[in-house]
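# Chain and residue survey
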Amino acid sequence: MKFMKLGSKTDTFQTDGNNNVRFVASDLASDIVVSIDDMKFHLHKYPLISKSSHLQKLISLSNEESIDEVQISDIPGAEYLGMHETIEKGNLLYKIDVFLSSSIFRSWKDSIILLQSTKSMLPRDEEQKVVNRCIESIANKACVDVSKVDWSYTYNRKKLLEENGVESNQTGVRTRNVPKDWWVEDLCELEVDMFKSVITNIKTKEIQSNEVIGEALKAYAYRKLPNFSKGMVPCGNVSKHRLIVDTIVKLLPAEKGSVSCRILVKLLKAAIFVESEDRIKEDLVKRIGQQLEEASANDVLIRAPDGETTMYDVGIVQKIVREFMMKDHNSEIESVGGGELEGIRKPGILSDASKLMVAKLIDGYLAEIAKDPNLPLSDFVSLAELVSGIARPAHDGLYRAIDTYLKEHPGLNKGEKKRICKLMDCRKLSVDACLHAVQNERLPMRVVVQVLYFEQVRTTASSGTSTPDITTKGIKDLSIGSNGSSKSGTTNPEDDTDAVSTAEELKALRKELASLRLSNGVGNGYKDEEAKPSMDKAVIGKMKGLLKSKKSFIKLWASKGGHGENSGSDSSESNGSANPEEVKSTPSRNRRHSVS
């Protein structure tokens, strides 16, 4: 009514003691009452019917029924009132459109504020037009070339100005280079449904890179999910957080690398916590498997669901590793179509470096989960076997994991010890690991003998001297003997004497190595390659000399091969020594049991 003057006074609403009754201060008496909910407005018919098609109908009906009051349940917007140009030129809809276009939509922050304010008005169709225009305006601005960005924006508020490249020119005005993701933090203020609409609109324009889209999703997760950086802990409304997690996962670009593997794992942990649907978790498992080489062992330490006896969810990590290995498997055989080229083999798409990083990751992961006293041996072995085909130069990390498991699970029987030790190749242990292994009373005797044997081979090879005592057959027997079935046979008293001799030799050798380590100030704990202690070269040299002095002991085990090995793994499972009487008197020890 700003442009419709009634009498000589400015149109204003006034009250007469009752706040629920309003009237226009005018020289003309009001002739219609418009009731909206519990409020009554005393107005004039002509200004209303000249601008609103909806009020035209209501007032017309009231005149027919001789009623001077009309009821309106709600006024969601100018569209509802029908204040179009066809009713009067320069009507309210036109004025609103001009205001939005010339003022609100020209401002980045005002567009966001308006979009936030429309939440209470949805899902009315007439308001959806304003919402869509807000979304389009925000998306267009987010996709503008950064060189043309001249409106105010927020970016990395918590960082120091210097980190954002802020400088001061001679006039004192601060300037900075505009980053590609300058708009990300401001969008984090939006509720999840509005955020989804804006990101979807930005993605359809195909201007912003997948990495920038991924950065927006990452920032939103950190802002809206409590303790997201710590893998989500119980806090707040679970259903609300589930909606946020599911929305972020669905918005993730399909291309690999748009979000880091670490963020994907955090999303998986959050999805598990808020009990998202299986398809959400399966999608994340596949994505993580596609870029598993980027992760660390700590990243994939996913807590087991409540009620489980184990500390960590090993099963889901197995699924992730299978997804990683499946990439290579799916690309190995590819049909190129037609003739003799059908089913040609092609190399896998995984690089050796990627495979090696994943193998190292799993070795570290195994070392962590091995500390769980409730972890079944089958889970440990199954996961280790998934990466057993990946060639890696050293097995120190795997040895550390096996040793940790043996330490935390002292109740393992002989067969279980053999099963877990078969995962390790003694030929790929470093000198430090060998020094630790030969003194490790948790290892089966045959494993210790293998370590001694291969260290002797390595020592001899490095010195350039011939080793007539060490035969190819001996190497083969020690390295693959555990993969064959146990053989039975009779032994003579000489074999029993040899068994006692070798057990006592091994015990003596362990004592010598232990005293050697103590005399040189070397600790008893062995660390993997990432935290390998500095080993005194003199100790290593003395160890090699000690191994050479025990050549007859090693020769005896190597030359016996598949015969008389019963006194090895069976006679000293835990302490590295044997009772001579027990060895001679127990018939069951005439069967061979080997561990590699």
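All of these numbers come straight from a predicted model, not from anything done at the bench. (Residues numbered from 1 in each chain as written. Predicted model: local features only at pLDDT ≥ 70, side-chain atom pairs only at ≥ 80, totals over all residues. Heavy atoms only, no water.)

### Notes on the overall build of the protein chain
Scanning the protein chain from N- to C-terminus turns up 25 helices and seven strands. Taken across its 596 residues, the protein chain has 45% of its residues classed as buried. Excluding contacts between residues fewer than 6 apart, the proportion of contacts in the protein chain whose partners are at least 24 apart in sequence is 68%. When the accessible surface of the protein chain is totalled, it reaches about 31,000 Å², and 50% of it is carbon and sulfur. (Helix = DSSP H or I, 4+ residues; strand = E, 2+ residues; numbered from the N terminus. Buried < 20%, exposed > 50% of the residue type's maximum accessible area, 1.4 Å probe, protein only. Contact = heavy atoms within 4.5 Å. Areas by Shrake-Rupley, 256 points an atom, 1.4 Å probe, with all protein chains shown as cover.)

### Points about the pairing of strand S5 (residues 69-72)
What you see with S5 is a clean split: Val70 and Ile72 sit on the buried side and Glu69 and Gln71 on the side with no burial. Here strand S3 (residues 32-36) runs beside S5; their pairing, made up of four bridges, is parallel. Bridge pairing links Val33 to Glu69 in S5. (Pairing = 2+ DSSP bridges.)

### Some points on the packing of aromatic side chains
By the definition in use, this model includes five aromatic pairs. Here the guanidinium or amino end of Arg303 rests over the ring plane of Tyr312, the centre of that ring lying 5.3 Å away. Positioned over the ring face of Phe454 is Arg427, at 5.6 Å from the centre of the ring. (Phe/Tyr/Trp six-rings, centres within 6.5 Å; stacked < 30°, edge-to-face > 60°. Lys NZ or Arg CZ within 6 Å of the ring centre and 35° of its normal.)

### Comments concerning helix H11 (residues 261-273)
With 13 residues, H11 should cover 18 Å at 1.5 Å per step; its first-to-last C-alpha distance of 18 Å lies within 8% of that length. Among all positions in H11, only Cys261, Ile263, Leu264, Val265, Lys266, Leu267, Leu268, Ala270 and Ala271 are buried. With its phi angle positive at about 60 degrees, Glu275 sits one or two positions after the end of H11. (Expected span 1.5 Å × (residues − 1).)

### Details of the nonpolar core
Of all hydrophobic cores here, the largest spans 112 residues; its most connected members are Trp183, Leu187, Ile202, Leu292, Tyr365 and Phe380. Apart from the residues within four sequence positions on either side, Phe380 is in contact with Leu366, Ala370, Leu375, Ala401, Ile402, Tyr405, Ile420 and Leu423. Counting 13 residues, the second-largest nonpolar core is a separate cluster that includes Ile32, Ile36, Met39 and Leu48. (Core = buried A, V, L, I, M, F, W, Y, C linked by side-chain atoms within 4.5 Å.)

### Let's talk about the pattern of salt bridges
Tallying each qualifying case throughout the model produces 14 salt bridges. Glu69 is paired through a salt bridge with Lys40; the nearest N and O atoms lie 2.8 Å apart. Residue Glu69 is found in strand S5, and its partner Lys40 is found in strand S4 (residues 39-43); the two are separated by 29 residues along the sequence. For Lys40, a relative accessible area of 33% gives the class partly exposed. Arg392 is paired through a salt bridge with Asp363; the nearest N and O atoms lie 3.1 Å apart. Here Arg392, found in the loop between helix H15 (377-386) and helix H16 (396-408), pairs with Asp363, found in helix H14 (residues 352-369); they are 29 residues apart in sequence, far enough to count as distant. The class of Arg392 is buried, set by a relative accessible area of 6%. (Salt bridge = Lys/Arg side-chain N within 4 Å of Asp/Glu carboxyl O.)

### As for the side chain of Gln318
Here Gln318 is to be found in helix H13 (residues 314-332). Residue Gln318 is classed as buried on the basis of its relative accessible area, which comes to 10%.

### With respect to helix H10 (residues 238-251)
Compared with the 20 Å implied by 1.5 Å per residue over 14 residues, the 20 Å span of H10 between its first and last C-alpha is a close match. Restricting attention to buried positions, one finds in H10 the residues His241, Ile244, Val245, Asp246, Thr247, Ile248, Val249 and Leu251. Buried residues along H10 sit in contact with helix H8 (192-205), helix H9 (210-224), H11 and helix H12 (278-290).

### Observations concerning the packing of H10 against H12
Their axes nearest at 10 Å, the elements H10 and H12 cross at an angle of 45 degrees. Put simply, H10 runs oblique to H12. Once H10 is placed against H12, the crossing between them reads as left-handed. Contacts between H10 and H12 pair Asp246, Val249 and Lys250 from the former with Arg279, Ile280, Asp283, Leu284 and Arg287 from the latter. Among the residues forming the contact of H10 with H12, the class breakdown is three nonpolar, no polar and five charged. (Axes fitted to C-alpha atoms, helices over the stretch in contact; angles between N-to-C directions. Parallel < 35°, antiparallel > 145°, perpendicular 65-115°, else oblique. Left-handed = near helix turned anticlockwise from the far one by under 90°. Nonpolar A, V, L, I, M, F, W, Y, C, P; charged D, E, K, R; others polar.)

### Remarks on the environment of Arg303
Within the secondary structure layout, Arg303 lies in the loop between H12 and H13. The class for Arg303 is exposed, based on a relative accessible area of 52%. Spatially, the C-alpha atoms of Arg303 and Gly231 are 9.4 Å apart, while their sequence positions differ by 72 residues.

### Here we look at the side chain of Lys141
Checked against the element boundaries, Lys141 lands in helix H6 (residues 125-142). Owing to a relative accessible area of 10%, Lys141 belongs among the buried residues under this scheme.

### Regarding the sheet that holds strand S1 (residues 13-14)
In spatial order, the strands read S1-S2-S4-S3-S5; together these five strands make up an open sheet with mixed pairing. Two strands bound the open sheet, and with one partner strand each, they are S1 and S5.

### Focus on unusual backbone geometry
Residue Glu206 is not a glycine yet carries a positive backbone phi of 55 degrees. The residue Glu206 is located in the loop between H8 and H9 in this model. At Glu275, a position not held by glycine, the phi torsion is positive, near 60 degrees. Mapped onto the fold, Glu275 is located in the loop between H11 and H12.

### Re the state of the cysteines
The tally for this structure, following the rule as stated, stands at zero disulfides. The thiol of Cys434 is not disulfide-bonded; the next cysteine sulfur, from Cys426, is found 7.8 Å away. The exposure class of Cys434 is buried, given its relative accessible area of 1%. (Disulfide = S-S within 2.5 Å.)

### Quick look at the environment of Asp97
Within the secondary structure, Asp97 is located in helix H4 (residues 92-102). Residues Asp97 and Val130, 33 residues apart in the sequence, show an inter-C-alpha distance of 9.4 Å.

### Comments concerning the packing of H11 against H12
The axes of two packed helices give the description: the angle between them and the distance between them. Viewed as axis vectors pointing N to C, H11 and H12 meet at an angle of 160 degrees, and their least axial separation amounts to 9 Å. Overall, the two elements H11 and H12 adopt an arrangement that is roughly antiparallel. Crossing of H11 against H12: the hand is left-handed. In this structure, H11 uses Cys261, Leu264, Val265, Leu267, Leu268, Ala271 and Ile272 to contact H12, whose residues at the interface are Ile280, Lys281, Leu284, Val285, Arg287 and Ile288. A breakdown of the residues in the contact of H11 with H12 according to their chemical character gives eleven nonpolar, no polar and two charged.

### Quick notes on the confidence of the model for the protein chain
When pLDDT is averaged along the protein chain, the result is 75, and 64% of the positions lie at 70 or above. Helix H24 (residues 566-569) is the least confidently modelled element of the protein chain, averaging 35 in pLDDT, while H15 averages 96, the highest of any element. Here residues 333-347 scores under 50 on pLDDT; set against residues more than four positions off or in separate chains, the count is 16 contacts. Overall, residues 478-501 carries pLDDT values under 50, and its contacts beyond four positions in sequence, including any with other chains, amount to 38 contacts. (pLDDT = per-residue confidence, 0-100.)

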